Amino acid sequence: MKTKIIKINPQKIQPLKIKEAVKVIKKGGLIAFPTETVYGLGADVFNPYAVVKIFEVKARPLNDPLIVHIADKQDLFKVAKKINRPAWKLIKKFWPGPLTLILEKSSSIPDIVTSGLETVALRMPAHPVALSLIREAKTPLAAPSANLFGRPSPTTCEHVLEDLKNKIDLAIDAGKTEVGVESTILDLTQKPFSILRLGGVSLEELKRIIPEISLYNKGKVIAPGMFRRHYSPQAKLIVVEKGKDQVEKVKKLASKFLKEGKKVGIMAKEENKLQYKNFEIKILGEENDFRTCANNLFSLLREFDKEKFEVIIAEAIEEKGLGRAIMERLRKAQGI
Ligand code: TXA
Ligand code: MG
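Keep in mind that this is a model prediction, so the values were computed, not measured.

The rules behind these values
Residues numbered from 1 in each chain as written. Chains lettered and ligands numbered in written order. Predicted model: local features only at pLDDT ≥ 70, side-chain atom pairs only at ≥ 80, totals over all residues. Heavy atoms only, no water. Helix = DSSP H or I, 4+ residues; strand = E, 2+ residues; numbered from the N terminus. Rg over C-alpha atoms; globule rule 2.2 N^0.38 Å. Buried < 20%, exposed > 50% of the residue type's maximum accessible area, 1.4 Å probe, protein only. Contact = heavy atoms within 4.5 Å. Lys, Arg positive; Asp, Glu negative; His and termini not counted. Charge placed at Lys NZ, Arg CZ, Asp CG, Glu CD. Phe/Tyr/Trp six-rings, centres within 6.5 Å; stacked < 30°, edge-to-face > 60°. Lys NZ or Arg CZ within 6 Å of the ring centre and 35° of its normal. Pairing = 2+ DSSP bridges. Axes fitted to C-alpha atoms, helices over the stretch in contact; angles between N-to-C directions. Salt bridge = Lys/Arg side-chain N within 4 Å of Asp/Glu carboxyl O. Core = buried A, V, L, I, M, F, W, Y, C linked by side-chain atoms within 4.5 Å. Parallel < 35°, antiparallel > 145°, perpendicular 65-115°, else oblique. Left-handed = near helix turned anticlockwise from the far one by under 90°. Nonpolar A, V, L, I, M, F, W, Y, C, P; charged D, E, K, R; others polar.

Chemist: Which residues make up the overall build of the chain, and what values do they have?
Modeler: The number of helices and strands found in the chain is 11 helices and 15 strands. Radius of gyration (C-alpha) of the chain: 20 Å, near the 20 Å computed for a compact globule of 336 residues. C-alpha extents for the chain along the principal axes are approximately 60 × 50 × 35 Å. Split into buried and exposed, the 336 residues of the chain put 59% on the buried side. When contacts within the chain are restricted to residue pairs at least 6 apart in sequence, long-range pairs at least 24 apart make up 69% of them. Side-chain charges in the chain split into 59 positive and 40 negative, and the spacing between the mean points of these groups amounts to 2 Å.

This is how it looks when you write it as C-alpha cells:
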C-alpha cells in the first residue's frame, strides 16, 4: 500500500481535503491525523475490521485499549453509558483539550476498541483538523498515537511516516503538534478517582476542579498500555536526578561511556548547556518552561536515534505541573 500524504493548514482548512480523508475512514481505512497532543492513527470506532488494523500496523498488543475521539458533546452518549457529575465538571473545564476520561462504555462500542473492558477512554481533541475530520465523518474515531508500539509518540507527520509509511492509507500533515506529550488519562469509574497517565493537563489543574483526585502509587502508572519500557528510543537512556552535582554526574557518566567507545549524547536544560562544551548535546528547554520541554521531548528522542546515538544521558527536571508528565516519560524511556 502507498500512503497518501495531504497537507492541511489548520488555520485555513480546505473542506475538499477533509472530504478525501473522510472517504478513507468510511471505507474502513486508517489515517494519521494531528491532535493538539501528538498525531493519532484513526479508524471508524464502529468498524471493528478497521480498528483491528490499527493493532496490526502498530504491532500493538490487543490487550491495550484505544482512546475514542469525539468532536461534539452530543456524541458522548454514542460512546459512554453514564456521565457522572465530576465528569461533566471536567468536560466543561478541559474539553476540547488534552484530558482523557475513563467512563462506563456504551454497548455499541465494539470490544476490540476497549480490549474487552467495560470502560472506555474518551476525549475531545483541541485541534481544528481533528475536530472537522470527526464531524465530517459523523463517527467518533478510535485512535492511539500514530507510532509503532513502544516508540516515542509522533509530534510531526515526518515522525508518523518514519514508523508507518506505506502501512496506512493516508497521513494528514498539519505541522508540529502543540502540546507534545499525550493526554492525561483520568479514571472516573472507581473511587478514589485516579490518574492513570500524566499528560497535557497537570495533577494540580485537575485537583482545582476535583480535589480528591489522586496519583496512583505516586506516579507509577497503571493504564494497561503503560508497560514498563515505553516511549523508548533505541539508545540506552539514563536519567540523572536533580541536585547540586547533577552536571558533574552527567559529565562523569558521559565520559565513562565515551571511553568505552560509545556514541553519547546529553539531553540538557538550556541553563546548563555551556557546561557541556566537549560533549554532544541537545537542548530540552529551560527548566521552568515546561511547555517547550514537552514539545521537544519526543522529537529529541527520535533525533538521537536517527543520528545513531548509543547512550543518552538526560538531565531530570522539576516534577511539578507538566514537568511531572515529562519526567514520567523519561523514566519510562529509561526502562525502570
Ligand atoms: O493524547 C493522546 O491521548 C493521544 C492522541 C492521539 O489522542 N492518544 C494516545 O493513545 O496517546 P495511546 O493509545 O497511545 O494511549 C492510550 C492509553 C493506553 O495506555 C491505554 O492502555 C489507555 O490509554 N486506555 C485506553 N482505554 C482504557 C481503559 N478503558 N481503561 C484504562 N486505560 C485505557
Ligand atoms: Mg501510544
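There's plenty left to go through after this.
Chemist: So what's going on with the packing of aromatic side chains? Which residues, and what values?
Modeler: Each aromatic ring pair is specified by the distance between its two centres and by the angle formed by the two planes. The tally for this structure, following the rule as stated, stands at 3 aromatic pairs. Residues F77 and W88 carry aromatic rings whose centres are separated by 6.3 Å and whose planes lie at 50 degrees to one another, so their mutual orientation is tilted. Placement of the pair is F77 in helix α3 (residues 76–79) and W88 in helix α4 (residues 85–94), with a sequence separation of 11 residues. Classification of F77 as partly exposed rests on a relative accessible area of 48%. Its guanidinium or amino end placed over the ring of F257, K256 lies 4.1 Å from that ring's centre, counting from NZ or CZ. Directly above the ring of F304 sits K282, whose terminal nitrogen or CZ lies 5.4 Å from the centroid.

Chemist: Summarise the sheet that holds strand β11 (residues 214–215); cite the residues concerned and give the values.
Modeler: Strand order in the open sheet made by the 11 strands is β1-β8-β2-β3-β7-β4-β6-β5-β9-β10-β11, with mixed pairing throughout. Taken across any chain shown, the strands that pair with only one partner, and hence form the sheet edges, are β1 (4–7) and β11. Where strand β3 (residues 40–44) meets strand β7 (residues 141–142), 2 bridges bridge the pair, whose relative direction is antiparallel. Each residue of the ladder has a partner; that of D44, found in β7, is L141. Across the sheet, helix α1 (residues 15–26) is in contact with β1, β2 (31–33), β3, β7 and β8 (170–173); its angle to β1 comes to roughly 145 degrees. Strands in contact with α4 are β5 (99–104) and β9 (184–187); relative to β5, the strand with the most contacts, it is inclined by about 155 degrees.

Chemist: Got a sec to walk through the pattern of salt bridges? Specific residues and values, please.
Modeler: Tallied over the full model, the rule gives 30 salt bridges. A salt bridge links R135 to D72, with the shortest nitrogen-to-oxygen separation between them at 3.0 Å. You can see R135 sitting in helix α6 (residues 128–137) and its partner D72 sitting in the loop between β4 (67–69) and α3, a full 63 residues away along the chain. On the basis of relative accessible area, R135 is assigned to the partly exposed category, the value being 41%. With a shortest N-O distance of 3.9 Å, K256 and E260 are connected by a salt bridge. Owing to a relative accessible area of 42%, K256 belongs among the partly exposed residues under this scheme. On the basis of relative accessibility, which here comes to 45%, the residue E260 falls in the partly exposed class. Connected via shared salt-bridge partners are R151, E162, D163, R302, D305 and K306.

Chemist: So what's going on with the pairing of strand β15 (residues 311–315)? Which residues, and what values?
Modeler: Of all 5 residues in β15, 5 are buried, a share of seventy percent or more. Residues V311, I313 and E315 point to one face of β15 and I312 and A314 to the other, with burial holding for every one of them. Pairing geometry for strand β12 (residues 236–240) and β15, over 5 bridges, is parallel. For V239, the partnering residue across the bridge sits in β15 and is A314.

Chemist: Can you break down the environment of I172 residue by residue, with the values?
Modeler: One can find I172 in strand β8. Residue class for I172 comes out buried when judged on its relative accessible area of 0%. What I172 contacts, discounting residues up to four positions off in sequence, is I6, I8, A21, A32, F33, P34, Y39, V129, L133 and C157.

Chemist: Describe the nonpolar core, and please don't skip the residues or the numbers.
Modeler: Among the nonpolar cores identified, the biggest contains 98 residues, and L101, L133, L186 and M267 are the most heavily contacted of them. If near-sequence neighbours (up to four positions away) are discounted, L186 is found in contact with L90, L99, T100, L101, I102, F193, S194, I195, L206 and I213. I238, V247, A254 and V311 belong to the second largest nonpolar core, which has 13 residues in total.

Chemist: An account of the packing of helix α7 (residues 157–164) against helix α10 (residues 290–306) is requested, with residue identities and associated values reported.
Modeler: Close contact between α7 and α10 brings their axes to 11 Å; oriented N to C, the two are set at 50 degrees. The pairing of α7 with α10 is recorded here as oblique in orientation. Where α7 crosses over α10, the two elements pack in a sense that is left-handed. Taking contact as the criterion, the partners of H159, E162 and D163 in α7 are, on α10, S299, R302 and K306. Taken together, the residues of the contact of α7 with α10 break down into no nonpolar, 2 polar and 4 charged.

Chemist: Tell me what's going on with the packing of α1 against α6, and back it up with residues and numbers.
Modeler: Interaxial distance between α1 and α6 falls to 9 Å at its minimum, and their mutual angle equals 55 degrees. By the angle between their directions, the pair α1 and α6 is classed as oblique. Seen from above, α1 lies across α6 with right-handed handedness. Between α1 and α6, the residues in contact are I18, K19, A21, V22, I25 and K26 and V129, S132, L133, E136 and A137, respectively. Among the residues forming the contact of α1 with α6, the class breakdown is 7 nonpolar, 1 polar and 3 charged.

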